[in-house]
Amino acid sequence: MLQQRTFRKLIAPVLVGAMALAACGSDDDAEEASDDSVAEAEAPASSDAPEEAGSSEGAKIFMAPKFTGLAYFEVAREGGEQAGEDLGLDFQYIGSDKPEATEQIATLTNAIPQSPDALVVSAIDGDAIAPALNDARDAGIKVVTYDADANVDARDLFINQLSYELAARTMLDAALLNSPDGGLVAFISASPTAPNHTAHVNFMKEFIDGDPAYSSLSYVDEVQFAGDDAAKSQEIALNLIQANPDLKVIISSSAVSAPAAQQAIVNAGMSGEVWATGFALPSSVRDFINDGSSAAFALWDPAELGYVATVAAAQLVSGEITAEEGQVIDAGEAGTYTVGADGEVLYDKPLMFTADNIADFDF
């Protein structure tokens, strides 16, 4: 049985669609998952998991982030380690500190001869690492992606922190909290090959173009890429401000680029005229929110995401689940989650950090 684990209290109002989401006619995942508070995962009454399953105790599970040393992935690592303790796993955190696909490919290739039972991977480039993941699966290793997906046929499950539609709406809602009158926005992503960032931007553009809730916004069409690098993100932010005198908000899915862009705005003496927002650890934006230079940033609980991904990997190893659509991952107090089409599992618990609640978060 899974030892009960209490995660950080998810007490922040989500505010996803607070401006108009409930009034929209769309029936996508974003709307189904959104309300006045943190979206809750729904569990069906029964699971299709096999009646007889083995144990994952002692299973060797490797977690490979995009790259090591990034605060966001270190928090996710804490969740993986906790799952390892709760389930009696041999949990190991592996990877390079260089944000390069070749480095992650080398990490995964070198992991295969060590015969882990499962890999839990955030893909820096879903296409590039697919051959290495397929090699792992050919060797009998279960593959779970989290945070950023790889090719569908290269993994068993993808634990998606937010549906891409919900992520896009969350960031646009944050933009409107910063700039209630709307205005011109620009996007900074990690790279052209980051599948989640690309999808987020595409949905944000779609919503700005067609959803009345975001009709006050317009956007700079060309996306900038900073490679999850703080210095480069600041440089890009300054360039965007200089090139677009009417710019109001810089939005980024990167937990590095979003706060770095806000720092660039502060350094340029543009606080109150331009804002940055998107996804960021609350610890990295607390000062901005407390001093009023920013009204809102968003995220989810990376530790719980890492926990759920590791539990999912363990349940694949034990045979409790087989990644079939409709099966349920039971992560104890971290929730229950249903496997969807193509092995996608939606975590869907967005958090919005504002002056009213930023002090309540310690990660």
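Residues numbered from 1 in each chain as written. Predicted model: local features only at pLDDT ≥ 70, side-chain atom pairs only at ≥ 80, totals over all residues. Heavy atoms only, no water.

Would you take a moment to explain the overall build of the chain for this structure?
Each helix and strand in the chain was counted, giving 10 helices and 15 strands. When burial is assessed residue by residue, the chain has 57% of its 363 residues classed as buried. Long-range contacts, defined here as pairs at least 24 residues apart, represent 72% of the contacts in the chain between residues at least 6 apart. For the chain, the exposed area adds up to about 14100 Å²; of that, 45% sits on carbon and sulfur atoms. (Helix = DSSP H or I, 4+ residues; strand = E, 2+ residues; numbered from the N terminus. Buried < 20%, exposed > 50% of the residue type's maximum accessible area, 1.4 Å probe, protein only. Contact = heavy atoms within 4.5 Å. Areas by Shrake-Rupley, 256 points an atom, 1.4 Å probe, with all protein chains shown as cover.)

What is the right way to look at helix α4 (residues 130–138) in this model?
For the α-helix, the turn length of 3.6 residues means that residues three or four positions removed from each other point alike. If you check which residues of α4 are buried, you get A130, A132, L133 and A136. In a view along the axis of α4, the buried residues occupy a sector of 160°, so they form one face of it. Elements that come into contact with the buried residues of α4 comprise α3 (101–111), β3 (118–121) and β4 (142–146). One or two positions beyond α4, positive phi appears at G140, with a value near 85°. (Arc of directions from axis to C-beta.)

Hey, could you run me through the packing of aromatic side chains in this one?
Within a pair of aromatic rings, the relevant descriptors are the distance that separates the centres and the angle that separates the planes. Scanning the entire structure with this criterion turns up 10 aromatic pairs. Note on F73 and Y146: the rings are 6.4 Å apart at their centroids and 90° apart in plane angle, and the pair reads as edge-to-face. Here Y146 lies in strand β4 and F73 lies in helix α2 (residues 71–87), a separation of 73 residues in the sequence. Residue F73 shares its accessibility class with Y146, and that shared class is buried. Each member of the aromatic cluster is reached from another via a ring pair, and the members are Y72, F73, Y146, F279 and W300. Of note, R169 hangs over the ring of F207, and the distance from its end group to the ring centre comes to 4.0 Å. (Phe/Tyr/Trp six-rings, centres within 6.5 Å; stacked < 30°, edge-to-face > 60°. Lys NZ or Arg CZ within 6 Å of the ring centre and 35° of its normal.)

I would appreciate a short explanation of the confidence of the model for the chain in the present structure.
In low-pLDDT regions, the fine details of the predicted coordinates are not to be read closely. Residues of the chain with pLDDT of at least 70 account for 85%, and the chain-wide mean is 89. For the stretch residues 1–6, pLDDT sits under 50, and the model shows 16 contacts to residues farther than four places along the chain or on other chains. (pLDDT = per-residue confidence, 0-100.)

Mind showing me how you'd approach the side chain of K205 here?
By the element assignment, K205 lies in helix α6 (residues 195–210). Contacts of K205, omitting those with residues within four sequence positions, involve F187, Y219, D221 and V223.

When you look at the packing of helix α8 (residues 257–267) against helix α9 (residues 282–290) in this model, what are you seeing that I'm missing?
Two quantities define a packed helix pair, namely the angle between the helix axes and the distance between the axes. At their nearest, the axes of α8 and α9 sit 10 Å apart, and the two run at 30° to each other. By the criterion of interaxial angle, the relationship of α8 to α9 is roughly parallel. As α8 runs across α9, the sense of the crossing is left-handed. Of α9, the residues touching α8 (which contributes P259, Q262, Q263 and V266) are S284, V285 and F288. Of the residues belonging to the contact of α8 with α9, the class tally is 4 nonpolar, 3 polar and no charged. (Axes fitted to C-alpha atoms, helices over the stretch in contact; angles between N-to-C directions. Parallel < 35°, antiparallel > 145°, perpendicular 65-115°, else oblique. Left-handed = near helix turned anticlockwise from the far one by under 90°. Nonpolar A, V, L, I, M, F, W, Y, C, P; charged D, E, K, R; others polar.)

Just to check I follow, could you spell out the nonpolar core for this structure?
Inside soluble globular proteins, nonpolar side chains tend to come together where they are buried. Core analysis: the biggest nonpolar cluster contains 79 residues, and Y146, L157, I159, I251, I329 and F353 have the highest contact counts within it. With 10 residues, helix α10 (residues 302–318) is the largest single contributor of residues to this core. Counting contributing residues per domain, this core is built from domain 1 (60–161 + 302–348) and domain 2 (164–299), each supplying no fewer than three. Setting aside anything within four residues of it in sequence, one finds I329 in contact with L157, I159, V311, A312, Q315, I321, G335, T336, Y337, V339 and V345. (Core = buried A, V, L, I, M, F, W, Y, C linked by side-chain atoms within 4.5 Å. Domains from an automatic or database assignment.)

Explanation requested: the pattern of salt bridges in the structure shown.
When the charged atoms of two side chains lie near each other, side chains of opposite charge can form a pair. The tally for this structure, following the rule as stated, stands at 8 salt bridges. The closest approach of N and O atoms between K205 and D221, which form a salt bridge, is 3.3 Å. With K205 in helix α6 and D221 in the loop between β7 (217–219) and β8 (224–225), this residue pair connects regions lying 16 residues apart in the sequence. In this structure K205 comes out as buried when scored by relative accessible area, which is 14%. Exposure remark for D221: the relative accessible area of 52% places this residue in the exposed category. Between E304 and K349 there is a salt bridge, and its shortest N-O distance comes to 3.1 Å. Highlighted residues: E304 in helix α10 and K349 in the loop between β14 (344–346) and β15 (351–353), separated in sequence by 45 residues. Classification of E304 as buried rests on a relative accessible area of 3%. Within the structure, one salt-bridge network assembled from shared partners comprises E74, R77 and E81. (Salt bridge = Lys/Arg side-chain N within 4 Å of Asp/Glu carboxyl O.)

In this structure, what is going on with the side chain of D301? I would like to understand it.
Position of D301 among the secondary structure elements: in the loop between β11 (297–299) and α10. Accessibility expressed as a relative area gives 1% for D301, which makes it buried. From its side chain, D301 meets the backbone nitrogen of A303 in a polar contact 3.0 Å long. (Polar contact = N/O pair within 3.5 Å; in protein donor to acceptor, adjacent residues only side chain to side chain.)

Which parts of the structure should I look at to understand the sheet that holds β14?
Think of a sheet as strands paired side by side through backbone hydrogen bonds, with each pair either parallel or antiparallel. Across the sheet, which stays open at both edges, the 6 strands sit in the order β2-β1-β3-β4-β5-β14 with parallel pairing between neighbours. The two strands at the open ends of the sheet, each matched to only one other strand, are β2 (90–93) and β14. Direction aside, neighbouring strands of the sheet carry axes that sit 20° apart on average. Where β4 and strand β5 (residues 157–160) come together, 3 bridges link them in parallel fashion. Pairing of V144 across the sheet is with L157, part of β5. (Pairing = 2+ DSSP bridges.)

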